[in-house]
Amino acid sequence: MPAAALLKTDYPVTELTLTPGVLHIGQAEDNDMILAETGVSDYHAKLVTYFHQSILIDLSSEGGSYLNGERVIRHTVKNGDMIQLGYHLFKIRIRPEI
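Below: a short report on this structure. (Residues numbered from 1 in each chain as written. Predicted model: local features only at pLDDT ≥ 70, side-chain atom pairs only at ≥ 80, totals over all residues. Heavy atoms only, no water.)

Counting its regular elements, the protein contains zero helices and ten strands. The buried share among the 98 residues of the protein stands at 41%. A separation of at least 24 residues holds for 39% of the contacts in the protein among residues at least 6 apart in sequence. In the structure as shown, the protein presents an accessible area of about 6,000 Å², 53% of it carried by carbon and sulfur atoms. (Helix = DSSP H or I, 4+ residues; strand = E, 2+ residues; numbered from the N terminus. Buried < 20%, exposed > 50% of the residue type's maximum accessible area, 1.4 Å probe, protein only. Contact = heavy atoms within 4.5 Å. Areas by Shrake-Rupley, 256 points an atom, 1.4 Å probe, with all protein chains shown as cover.)

In structure tokens:
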């Protein structure tokens, strides 16, 4: 049975351009992207990008990681996809290695 969709369209959307590498996201200060809010875990998720492909990996966060409204643990991300972490909503743009 699919998880319930959760995509809050009233949250501000930030465009997130991904380049090859790993982007660690969470509240802790040693993350690459720090999201300081209660709906985000210290080590919430990471995005792994290589060539033209990115993968969203939830790091056992309490609030979950959502891709296009569906809660995911590990999933491929494409250009234009929407990722929600806590109250943060990101529109994905993947820039391949040049």
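From this point on, the discussion continues.
All right, on to the environment of Thr49 then. Within the element layout of this structure, Thr49 appears in strand β4 (residues 45-50). Between the alpha carbons of Thr49 and Arg95 there is a distance of 9.2 Å; along the sequence they are 46 residues apart. In contact with Thr49, not counting residues within four places along its chain, are Leu18, Thr19, Pro20, Gly21, Ser54 and Ile94. Within the structure, the side chain of Thr49 is placed 2.6 Å from the side chain of Ser54, a separation counted as a polar contact. (Polar contact = N/O pair within 3.5 Å; in protein donor to acceptor, adjacent residues only side chain to side chain.)

Now for a negative patch on the surface. A contiguous patch of negative charge on the surface is contributed by Glu29, Asp30, Asp32 and Asp42. With respect to the helices and strands, the residue Asp42 is situated in the loop between β3 (33-34) and β4. Overall, the relative accessible area of 45% leaves Asp42 in the partly exposed class. (Patch = residues over 30% accessible without salt bridge, like charges linked within 9 Å, V, L, I, M, F, W, Y side chains within 5 Å. Salt bridge = Lys/Arg side-chain N within 4 Å of Asp/Glu carboxyl O. Lys, Arg positive; Asp, Glu negative; His and termini not counted. Charge placed at Lys NZ, Arg CZ, Asp CG, Glu CD.)

Of all hydrophobic cores here, the largest spans 18 residues; its most connected members are Leu16, Leu47, Leu56 and Ile83. Mapped by element, the contributors of at least two residues to this core are β1 (13-18), β2 (21-26), β4, β9 (82-85) and β10 (88-94). Here this core takes three residues from β10, the largest share from any one element. (Core = buried A, V, L, I, M, F, W, Y, C linked by side-chain atoms within 4.5 Å.)

Our focus in this paragraph is the pairing of β9. Residues of β9 alternate between two faces, with Met82 and Gln84 on one and Ile83 and Leu85 on the opposite face, all of them buried. Of the pairings in the sheet, the one linking strand β6 (residues 65-67) to β9 comprises three bridges and is antiparallel in character. Note on β9: the bridge partner recorded for Leu67 is Ile83. Summarising the sheet, β9 and β10 pair through four bridges and their orientation is antiparallel. From the neighbouring strand, Ile83 faces β10, where its bridge partner is Phe90. (Pairing = 2+ DSSP bridges.)

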